[in-house]
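Residue-level listing of the chains:
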Amino acid sequence: AVLHGHASFNGTATGAIPNVSFAGNLQARDFDTLVSGVGHAGELPVHWDSLEANIQLSPRMLAVRNGTLQHGDTRVSFGLTSDLVGWRFAGESPFTARLAVHNGEIAEMLSLAGYDYPAHGKMSLYLQASGTPAQPQANGRVQLSDVTVRGESIQSLDAGVQIKGRQLQLNRSE
């Protein structure tokens, strides 16, 4: 990450090194991150206006609560809990996660996922996920509005989302 603005962590550190635990509130303004997409090689830079999250971190556990990221008009809310092994995620480490994207630009979301597809409009996404990094599963909803795809217009689309491992299923709501 590249920080252009400022960042702060207001919290505590307890325990002896190397088993120290951290708990507190992280805030950052005006920064860039690199995002690895599914369909492209390399990483894409993404600018964020702000980040705020309550964090607990130890060699055995990570918990992120009340997380929010702001990127222009797009707001991302998130939370995560996961077991760690020596400060790292392991393939069999169980996790639970919550993700909500509000007012996202479809073309930008597709680009972040590694796809170059001629689609424009707005997107909201709500997901609850759990499992392990090797066997993730998630359920939620995706809502699209004012969409244009290859010159064709779609006023709105509301669909259920189900993810099991590497399989994605969308179920359109009427």
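Source: prediction; values computed, not measured.

Draft legend 1. Spotlight on the packing of aromatic side chains. Per the counting criterion, the structure on display carries one aromatic pair. Measuring from centroid to centroid gives 6.5 Å for Phe-22 and Trp-87, while their planes differ by 50°, and the two rings are tilted. In this pair, Phe-22 sits in strand β3 (residues 21–36) while Trp-87 sits in the loop between β6 (74–83) and β7 (95–105), placing the two residues 65 residues apart along the sequence. The exposure class assigned to Phe-22 is partly exposed, which follows from its relative accessible area of 32%. Note on Trp-87: relative accessible area 35%, which makes it partly exposed.

Draft legend 2. Up close: unusual backbone geometry. Of note, the bond from Ile-17 into Pro-18 is cis; its omega dihedral lies within 30 degrees of zero at 15°. Along the polypeptide, Pro-18 turns up in the loop between β2 (7–14) and β3. Despite not being glycine, Asp-30 shows a phi value in the positive range, around 55°. For Asp-30, a relative accessible area of 31% gives the class partly exposed. In the Ramachandran plot, Arg-150 falls in the positive-phi region, its phi being about 50° despite a non-glycine side chain. Its place among the elements puts Arg-150 in the loop between β9 (136–149) and β10 (152–164). Given the relative accessible area of 60%, Arg-150 is considered exposed.

Draft legend 3. Focus on the side chain of Gln-70. Along the chain, Gln-70 turns up in strand β5 (residues 61–71). If sequence neighbours within four positions are ignored, Gln-70 has contacts with Trp-48, Asp-49, Ser-50 and Arg-75.

Draft legend 4. Looking closely at the pairing of strand β4 (residues 43–58). Sheet analysis places β3 next to β4, joined by 14 bridges and oriented antiparallel. Paired with Ala-28 across the strands is Leu-51, a residue of β4. Pairing analysis gives eight bridges linking β4 to β5, with the strands arranged antiparallel. If you follow Gln-56 over to β5, its bridge partner there is Ala-63. If you look at the hairpin formed by β4 and β5, you'll find two residues sitting between the two strands.

Draft legend 5. Summary view of the confidence of the model for the protein. For the protein, the mean per-residue pLDDT works out to 90, and 95% of the residues sit at or above 70. When mean pLDDT is compared element by element in the protein, β5 scores highest at 97, while helix α1 (residues 106–112) scores lowest at 84.

Draft legend 6. Structural detail: the environment of Ser-111. Here Ser-111 lies in helix α1. A relative accessible area of 32% places Ser-111 in the partly exposed class. C-alpha of Ser-111 to C-alpha of Leu-44: the two residues are 67 residues apart in sequence and 8.6 Å apart in space.

Calculation rules
- Residues numbered from 1 in each chain as written.
- Predicted model: local features only at pLDDT ≥ 70, side-chain atom pairs only at ≥ 80, totals over all residues.
- Heavy atoms only, no water.
- Phe/Tyr/Trp six-rings, centres within 6.5 Å; stacked < 30°, edge-to-face > 60°.
- Helix = DSSP H or I, 4+ residues; strand = E, 2+ residues; numbered from the N terminus.
- Buried < 20%, exposed > 50% of the residue type's maximum accessible area, 1.4 Å probe, protein only.
- Contact = heavy atoms within 4.5 Å.
- Pairing = 2+ DSSP bridges.
- pLDDT = per-residue confidence, 0-100.

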